[in-house]
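Chains, contacts and geometry: an overview
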Amino acid sequence: MMTRRERLMATLRGEPVDRPAVNFYEVGGFAVDPSDPDEFNVYNDPSWRPLLELAEQQSDLIRMRSPVKSRSHEPADAGGPRGEFFRTEKFQADGCRFKRVTLKIAGRTMTSLTRRCPDLDTIWTLEHLLKSTDDLKAYLELPDEVFAEQIDVACLIEEDQKLADRGIVMVDTEDPLCAAAYLFSMEDFTIIALTEQKLFHRLLEKLSRHIYARTQTTAEAFAGHLWRIYGPEYATEPYLPPHLFEEYVVRYTGPMVEMIQKHGGFARIHCHGRIRAVLDYIVRMKPAAIDPIEPPPQGDVELSYVRQRYGKDLVLFGNIEFADIENTEPAEFEKLVEKTLKDAAAGQGKGFVLMPSSAPISRKITPRVLANYETMLRLAANFTS
């Protein structure tokens, strides 16, 4: 029997494995501390412990870690190039935590506001920083030094050593499109990306500089590892037409893929939603893998379609919707997992990792959710193609 690390690495290389790998994505991937008594830490609820233990003890672990040193990318209140332009205010109201960022540049004042509530592990953006083309033009006047960040590859190496044979570390990074789109509401982003393409390219070029520097440094110092690049979904339908995927993703994310794989790494393109029209563009970048390949109605393509047409080019991660883990009765969920495993094994191609599209964010883990995660492990362990 293979170790969990051996199984995952063989899958990435397209080599035979003893059974399909099973990864719980953010469960066992994100760094969480169930012993932290903070009221905003949903993972300290006792209902989480069996699921976290299941991930640690039985799943093929993929730790998701950023090479950016903690808080080095956040605006400073004073000192340094960030403090000249940004001010950050954190406060608590109505039982929630808020963060307001104020940017002053080129005679304009812009603000963003986020909220975090105690029973959900997610951050809601109530107000986005950029709200018009004039805001964008002012933002482009920020000096590149404002975006400088400290890279900490040592933490990746340390995590990899801690894992030993239980799994692998995956470098987690946004692409330039994600960094750009996050500055706007979805409505403003789509309008500007469609109607102000030259201006939007200027933003992508500006944001790509520090992302490329991060990628190059990390790819060299932490060679041979898996990466997840998130953000390409912003250029999929129904948000943008497919030809802009080439403009905004292939052009700016492609160089990241090349840097990673030049040093023996494996670039995994993370792209939710409707990917059928952009799969050819994704393959053109020559990544090693793709996730999460969502089935209809969340996505627009079946796993069997991707396996048949692109399985020789891509390692596939997915194709289990978290909504099904949360809402489907165990007997029916078992059928979904069986179909996914069979579709992934059909025909010739590279490897497959059974994985959900996301993970729980609420404080309580229900018996149904736990049972469905257990089903994924059981069926994969007993699967024969």
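Our structure's up above, just so we're on the same page.
This text gives an overview of the structure that appears in the document. (Residues numbered from 1 in each chain as written. Predicted model: local features only at pLDDT ≥ 70, side-chain atom pairs only at ≥ 80, totals over all residues. Heavy atoms only, no water.)

Read across the open sheet, the eight strands follow the order β1-β12-β11-β10-β9-β8-β7-β2; overall the sheet is parallel. Pairing within the sheet leaves two strands with one partner each, and these edge strands are β1 (21–22) and β2 (61–65). Where β2 lies against strand β7 (residues 167–174), five bridges are found, and the strand directions are parallel. Opposite I62, over in β7, you have I168 as the bridge partner. Packing against the sheet, helix α8 (residues 197–221) makes contact with β7 and β8 (226–230), and its axis sits at approximately 160° to β7. Helix-sheet contacts for helix α9 (residues 242–262) involve β7, β8 and β9 (266–270), and the interaxial angle to β9 is about 150°. (Pairing = 2+ DSSP bridges. Helix = DSSP H or I, 4+ residues; strand = E, 2+ residues; numbered from the N terminus. Contact = heavy atoms within 4.5 Å. Axes fitted to C-alpha atoms, helices over the stretch in contact; angles between N-to-C directions.)

Here we take up the pattern of salt bridges. Under the counting rule described, the total for this entry stands at 33 salt bridges. The partner of E149 in a salt bridge is R214, with the nearest N and O atoms 2.6 Å apart. Of this pair, E149 sits in the loop between α4 (133–139) and α5 (153–163) while R214 sits in helix α8, placing them 65 residues apart in sequence. Judged by relative accessible area, E149 falls into the buried class, the value being 19%. R214 sits in the buried class, given a relative accessible area of 4%. With a shortest N-O distance of 3.5 Å, D313 and K312 are connected by a salt bridge. Bridged by salt links that share partners, the residues E56, R63, R65, E159 and R166 form one connected network. (Salt bridge = Lys/Arg side-chain N within 4 Å of Asp/Glu carboxyl O. Buried < 20%, exposed > 50% of the residue type's maximum accessible area, 1.4 Å probe, protein only.)

What follows covers unusual backbone geometry. Each neighbour pair has its own omega, and for P296 with P297 the value is 10°, a cis peptide bond. By the element assignment, P297 lies in the loop between β10 (289–291) and α11 (303–310). In the segment running from G318 into N319, the intervening peptide bond is cis, with an omega of 5°. Relative to the assigned elements, N319 resides in strand β11 (residues 315–320). Phi angles above zero are rare outside glycine, and I293 is one such case at about 50°.

This brings us to the pairing of β2. Burial runs high along β2: five of the five residues are buried. Residues L61, R63 and R65 line one face of β2 and the alternating positions I62 and M64 line the opposite face, and both faces are buried.

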